[in-house]
Amino acid sequence: MGAPSAWLLFLFDMTIPCPSGTLPPPAGSTKDVSRLNLCFSVNLTSPLNLLRVFVSQLEEPTLTFPFSELDLLSSQCDQVGGATEEGVDLPSSLHPTGMHTSGFGCFPMEPEALNLSWISKMQVNQPAVLRRAQQIQARRTVKKEWQAAWLLKAVTFIDLTTLSGDDTSSNIQRLCYKAKYPIREDLLKTLNMHDKGLTTAAVCVYPARVCDAVRALKAAGCTIPVASVATGFPAGQTHLKTRLEEIRLAVEDGATEIDVVINRTLVLTGQWEALYDEIRQFRKACGEAHLKTILATGELGSLTNVYKASMIAMMAGSDFIKTSTGKETVNATFPVAIVMLRAIRDFFWKTGNKVGFKPAGGIRSAKDSLAWLSLVKEELGDEWLTPDLFRIGASTLLSDIERQIYHHVTGRYAAYHDLPMS
């Protein structure tokens, strides 16, 4: 292989993990790297400095869209097949002005007017989606220092979650401590990452446990956001008045992010205006809190419904769209994610507004997290690889990431007592 510094230059210029059977360009390649915005004063030959550079945010990332929208979306109402350009809105460039990021460093997203013409004739090309998903799953993963860098980055996207019937205040306190200290400090010191303020993106709990989480984080001197599920989670089959009150109570208790579930009946019966109005009311009830809308994609019946529900949720003012509650039979899958990410891209092209994406349910291994980061990078670009626009809902993922970091540092896998907080 070429010198580590030469490899690192191309590491940030490629879609990672690399496709099976391919490698970054070798040292001395003529590939243009002028668009890379790295701090070249850092000693890039050091793997430890590689981690520090990569985990920090890249400035002015370039959006790359490697796959044509025509591969996945069809404008024909009566069939799911190969799409043609007729009737598909493919703008020649991104909106240069009026761009709004609905991320958590900004004000909540303002709703757009309902426009059913955006989705009325849209059908998803399911075979093309499945082929794209297979490409993601067939990739070989990154190794060694590059893997450690990606995994530490993944930690910053996790909404560390506990949604169990036996949750207690002590469980929540333990969860919040782990959110503040996700990786053992001695491991981070070895990687020279102990001073980077590495934490998870948020903690996510039931509404009744929001006060416990707020108190625990305050006692720890931590500003990690508290997210609460609401609106009759996970089924969403309670009266609308009750669901709206649940949002208000969670916000009053200190939740700054609300994960709501939609009424799946409205999707399955094609009541798009009713779904839009319902989410608009959720948006209003959240006030200054940020709204993450759970589509429960495993219960929506088809990928076309997933696309349409995604667009309606974004029009209604969702800051994030989320795949699943984690309680369905089928949760976060790559085909569903591809459709939702393409919907986010379409919405951005049409409005200039950036909406975040959160897969949740069934993401348990470090390898899984690398695949999800790779998918978001390929579909939406580096600009979405921030906690403001990408989250992973998980309860056990962090444990496996810490075990992989432990193995990277020590050369052996951790025994149960080595990581007692996992």
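Attention here is on the structure that accompanies the text. The structure presented is a predicted model; accordingly, all values stated were derived computationally and were not measured. (Residues numbered from 1 in each chain as written. Predicted model: local features only at pLDDT ≥ 70, side-chain atom pairs only at ≥ 80, totals over all residues. Heavy atoms only, no water.)

1. Structural notes on helix α14 (residues 397–410)
Side chains that are three or four residues apart share a direction in an α-helix, a result of its 3.6 residues per turn.
Okay, so step 1: Counted at 1.5 Å a residue, the expected span for α14 with its 14 residues is 20 Å, and the 20 Å between its end C-alpha atoms agrees.
Okay, so step 2: For α14, the complete set of buried residues consists of Leu397, Leu398, Ser399, Asp400, Ile401, Glu402, Gln404, Ile405 and Tyr406.
Okay, so step 3: The secondary structure elements touched by the buried residues of α14 are α4 (144–155), β4 (158–161), α5 (169–180), α6 (185–190), α13 (366–380) and β12 (392–394).
Okay, so step 4: Once α14 finishes, glycine 411 follows within two positions and takes phi at roughly 85 degrees, a positive value. (Helix = DSSP H or I, 4+ residues; strand = E, 2+ residues; numbered from the N terminus. Expected span 1.5 Å × (residues − 1). Buried < 20%, exposed > 50% of the residue type's maximum accessible area, 1.4 Å probe, protein only. Contact = heavy atoms within 4.5 Å.)

2. Thoughts on the pattern of salt bridges
Okay, so step 1: Per the stated rule, a full pass over the model turns up 25 salt bridges.
Okay, so step 2: Here glutamate 402 ties to lysine 178 by a salt bridge, and the two come within 2.6 Å at their closest N and O atoms. With a gap of 224 residues between them, glutamate 402 in helix α14 and lysine 178 in helix α5 connect regions that are remote in the sequence.
Okay, so step 3: Exposure remark for glutamate 402: the relative accessible area of 2% places this residue in the buried category.
Okay, so step 4: Shared partners join several salt bridges into a network, and the residues in it are Asp159, Glu257, Asp259, Lys292, Lys322, Lys358 and Arg391. (Salt bridge = Lys/Arg side-chain N within 4 Å of Asp/Glu carboxyl O.)

3. Observations regarding the side chain of arginine 391
Okay, so step 1: Residue position: arginine 391 is located in the loop between α13 and β12.
Okay, so step 2: Classification of arginine 391 by relative accessible area gives buried; the value is 2%.
Okay, so step 3: One polar contact links arginine 391 to aspartate 159, side chain to side chain, over a distance of 2.7 Å. (Polar contact = N/O pair within 3.5 Å; in protein donor to acceptor, adjacent residues only side chain to side chain.)

4. Some words on the packing of aromatic side chains
Okay, so step 1: If you walk through the whole model with that rule in mind, you get eight aromatic pairs.
Okay, so step 2: Taken together, a centroid distance of 6.2 Å and an interplanar angle of 70 degrees make the contact between tryptophan 118 and phenylalanine 347 edge-to-face. You can see tryptophan 118 sitting in the loop between β2 (100–101) and β3 (123–124) and its partner phenylalanine 347 sitting in helix α12 (residues 334–351), a full 229 residues away along the chain. Comparing tryptophan 118 with phenylalanine 347, the two get one shared label, buried.
Okay, so step 3: Both rings, one in phenylalanine 157 and one in phenylalanine 390, keep their centres 5.2 Å apart while their planes meet at 65 degrees; by these two values the pair is edge-to-face. A residue pair is termed long-range when its members are at least 10 positions apart, and phenylalanine 157 in the loop between α4 and β4 and phenylalanine 390 in the loop between α13 and β12 qualify at 233 residues. As far as burial versus exposure is concerned, phenylalanine 157 and phenylalanine 390 are alike and both buried.
Okay, so step 4: Cluster of aromatic residues (ring-pair linked, three or more members): Phe157, Phe334, Phe357, Trp372 and Phe390.
Okay, so step 5: Cation over ring: lysine 350 sits above tryptophan 118, and NZ or CZ is 5.4 Å from the ring centre. (Phe/Tyr/Trp six-rings, centres within 6.5 Å; stacked < 30°, edge-to-face > 60°. Lys NZ or Arg CZ within 6 Å of the ring centre and 35° of its normal.)

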